[in-house]
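Take a look at the letters that make up each chain.
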Amino acid sequence: MSTAPSAQPAAASRIAIVTGASSGIGAATARQLAGAGYRVVLTARRKDRVEALAEEIRAAGGQATAYPLDVTDRAAVDEFASAFRTIGVLVNNAGGALGADPVASGDPDDWRRMYETNVIGTLNLTQALLPKLEASGDGTVVVVSSTAGHGTYEGGAGYVAAKHGEHVLAETLRLEIVGRPVRVIEIAPGMVKTEEFALTRFSGDAEKAAKVYQGVAEPLTADDVADTITWAVTRPSHVNIDLLVVRPRAQASNTKVHREG
Ligand SMILES: NC(=O)c1ccc[n+]([C@@H]2O[C@H](COP(=O)([O-])OP(=O)(O)OC[C@H]3O[C@@H](n4cnc5c(N)ncnc54)[C@H](OP(=O)(O)O)[C@@H]3O)[C@@H](O)[C@H]2O)c1
């Protein structure tokens, strides 16, 4: 995607922090933001993976550093945030789904962990870094929610509840900080075929994971979503993309998906 000169990040806003950058959408976003001129900081729990990606970005001429971080660990998040004076962009991407059980039999521990990672993780990073985003004079918070944050489906309630929580966090924060130099952008993807999302959801069961995408000609890719994030972030500062819903053409709603065969 081309980036108009007026949309280039200002020097003071050049650091972009991406959570969940060890795979899928987060990794693709880190690559694309680096390509757009940001100095990216990659975080996730798997140190080896974020370090390898940072090295790959540097080898391609970009600026990148890696920092292992569990977004649910508030003390660790605060320590991480203290390393920065100002930052331009925070992409809250770390998260995911656990299980696909009906409400009647879902595991409360799965529900708790999904809330912790998706909602509290986003809250932790946003609270810790908001002063640094504001200090840049031109900050952007991105929340990667989901179409699950905007409608429910059978077997999805735990994830749907957590993603609705992230959506509400984004909407409320935008109201609360209006007038301050920080944008709040929510990106809500539909079906994205990433290597790990469905595998994590089904505890490593590859057969169940493959069924999610079965017969769908072209689910979104991590790069498709990274493209929308990078586009939204690189609009001129006065343009706030409040909410961007992006789905594959084959998916009309959370429950209406065209499958071949
Ligand atoms: N794939 C889809 O269909 C889809 C659709 C809509 C929205 N989304 C959302 O998009 C985001 C990325 O999804 P994806 O498909 O790219 O999934 P993914 O490949 O499974 O990536 C999830 C990322 O989150 C990180 N993560 C998980 N728990 C964490 C924790 N406690 N602390 C720090 N990092 C943590 C993982 O890294 P480590 O394990 O190394 O920590 C990984 O980098 C998620 O928020 C997901 O809910 C996905």
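It should be emphasised that the depicted structure is a prediction, and the values quoted were computed from it without experimental measurement.

Engineer: Can you help me understand the overall build of the protein chain in this one?
Structural biologist: Of the regular secondary structure elements, the protein chain holds eight helices and nine strands. For 261 residues, the compact-globule formula gives about 18 Å, and the C-alpha radius of gyration of the protein chain, at 18 Å, lands near that figure. Taken along its principal axes, the extent of the C-alpha atoms in the protein chain is 50 × 35 × 35 Å. When the 261 residues of the protein chain are sorted by exposure, 51% land in the buried category. A separation of at least 24 residues holds for 72% of the contacts in the protein chain among residues at least 6 apart in sequence. Of the roughly 12,200 Å² of accessible surface on the protein chain, a fraction of 52% belongs to carbon and sulfur atoms. If the 26 positive side-chain charges of the protein chain are averaged to one point and the 30 negative ones to another, these points end up 3 Å apart.

Engineer: Would you explain the site of the ligand in this entry?
Structural biologist: Near the ligand lie 29 residues; those nearest to it are Ser22, Arg45, Arg46, Tyr159 and Thr194. Take Arg46: an N or O atom from its side chain is 2.8 Å from an oxygen atom of the ligand. Interatomic distance of 2.9 Å between a side-chain N/O atom of Asp70 and a nitrogen atom of the ligand. In the complex, the protein chains occlude 94% of the 880 Å² of accessible area that the ligand would expose alone.

Engineer: Any chance you could explain the side chain of Thr43 here in plain terms?
Structural biologist: Here Thr43 lies in strand β2 (residues 39-44). Judged by relative accessible area, which is 0%, Thr43 ranks as buried. Setting aside residues no more than four positions away along its own chain, Thr43 makes contact with Ile17, Val18, Thr19, Gly20, Ala21, Val50, Tyr67, Leu69 and Phe80.

Engineer: I'm lost on helix α1 (residues 24-35) in this one. Help?
Structural biologist: Relative to the 16 Å expected for twelve residues at 1.5 Å per residue, α1 spans 17 Å between its end C-alpha atoms, a close match to the ideal helical length. Among the residues making up α1, those that are buried are Ile25, Gly26, Ala27, Ala28, Thr29, Ala30, Leu33 and Ala34. Those residues of α1 that are buried are in contact with β1 (15-19), β2, α2 (47-59), β4 (89-92) and α8 (222-233). Looking at the residues trailing α1, positive phi occurs at Gly37, about 105 degrees.

Engineer: For this particular structure, what's the right way to read the environment of Gly149?
Structural biologist: For Gly149, the location among the structural elements is in the loop between β5 (139-144) and α5 (157-176). Look at Gly149 and you get buried, because its relative accessible area is 1%. For the pair Gly149 and Gly190, spaced 41 residues apart in sequence, the C-alpha to C-alpha distance is 10 Å. Excluding anything up to four places from it in sequence, Gly149 contacts Lys163, His164 and His167.

Engineer: Would you mind going over the side chain of Ser146 with me for this structure?
Structural biologist: Relative to the helices and strands, Ser146 resides in the loop between β5 and α5. Judged by relative accessible area, which is 7%, Ser146 ranks as buried. A polar contact of 2.8 Å, which involves the side chain of Ser146, links it to the backbone nitrogen of Ala148. When neighbours within four sequence positions are excluded, Ser146 is seen to be in contact with Tyr159, Lys163, Ile187, Ala188 and Pro189.

Cut-offs used in this document
As a convention, each chain's residues are numbered from 1 in the sequence order in which they are written. Given that this is a predicted model, residues contribute local features only at a pLDDT of at least 70 and side-chain atom pairs are listed and counted only at 80 or more, while totals for whole chains, interfaces and linings are drawn from all residues. The side-chain values count all of the structure's non-hydrogen atoms but skip hydrogen atoms and water molecules. Where helices and strands are cited, they refer to DSSP runs of H or I of at least four residues and of E of at least two residues respectively, numbered from the N terminus. C-alpha atoms define the radius of gyration, and 2.2 Å times the number of residues to the power 0.38 defines the globule rule. Throughout, exposure labels follow a simple rule: accessible area from a 1.4 Å probe, protein chains only, divided by the maximum for the residue type, with under 20% read as buried, over 50% as exposed, and the rest as partly exposed. Throughout, a contact is declared for two residues whenever any of their heavy atoms are within 4.5 Å. Note on areas: Shrake-Rupley, 1.4 Å probe, and residue coverage restricted to the protein chains presented here. In this tally, Lys and Arg are treated as positive and Asp and Glu as negative; His is ignored, and so are the chain termini. We put the charge of a Lys on NZ, of an Arg on CZ, of an Asp on CG and of a Glu on CD. In this text, near means that some heavy atom of the residue lies within 4 Å of the molecule or strand in question. Between N or O atoms, a polar contact is any pair within 3.5 Å; within protein, one atom must be a potential hydrogen donor and the other a potential acceptor, and residues adjacent in sequence are included only when both atoms are from side chains. A helix's residues, less one, multiplied by 1.5 Å, set its expected span.

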